[in-house]
Amino acid sequence: GIADRHDDSVPGIFVSEADAERYSLRPGALAEVVSETGQLIAPVWIDPRMREGCISVPHGFEGANVGQLTSSRHHADPLSGMTEQSGVEVRIRAC
């Protein structure tokens, strides 16, 4: 996964080079990710293997808790009831 490609002790928002340029995001600088149900702020990391138009926020970090972007009321699998943590529509901007 994306987290395996980087120092896994550092939380972050992983973006493509094209998206970094489009949204004026700099490596190591803070960015805000906002979804329908929440937001988080974390450092940006540019990964040339990321697909344009997608971001990755690895889970397991208190400071960049991906759970802040989801809600079981809005992002739940209808069969299992589990909160979906991928495919969530978000907006990103430099802080």
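You'll find the structure just up there.
Since we're looking at a predicted model, the values are computed, not measured.

What counts, and where the lines are drawn
Residues numbered from 1 in each chain as written. Predicted model: local features only at pLDDT ≥ 70, side-chain atom pairs only at ≥ 80, totals over all residues. Heavy atoms only, no water. Pairing = 2+ DSSP bridges. Helix = DSSP H or I, 4+ residues; strand = E, 2+ residues; numbered from the N terminus. Axes fitted to C-alpha atoms, helices over the stretch in contact; angles between N-to-C directions. Core = buried A, V, L, I, M, F, W, Y, C linked by side-chain atoms within 4.5 Å. Buried < 20%, exposed > 50% of the residue type's maximum accessible area, 1.4 Å probe, protein only. Contact = heavy atoms within 4.5 Å.

**Examining the sheet that holds strand β2 (residues 30–35)**
- With mixed pairing, the 4 strands of this open sheet are ordered in space as β1-β3-β2-β4. The open sheet terminates on both sides in strands that have one partner only, identified here as β1 (13–15) and β4 (90–94). Mean inter-strand twist for the sheet, computed between neighbouring axes without regard to direction, equals 40°.
- In the sheet, β1 pairs with strand β3 (residues 39–46) via 3 bridges, with the strands oriented parallel. Among the inter-strand pairings, V15 is bridged to a residue of β3, identified as I46.

**Some points on the nonpolar core**
- Ranked by size, the top nonpolar core spans 14 residues in total, and within it I13, V15, L25, A31, V33, L40 and I92 carry the most contacts.
- For this core, the elements supplying multiple residues, two or more each, are β1, β2 and β3.
- With 3 residues, the single largest contributor to this core is β3.
- Apart from residues lying up to four places away in sequence, V15 is in contact with A20, L25, V44, W45, I46, D47, M50, C54, I55 and I92.

Coordinates in, geometry out; function isn't part of it.
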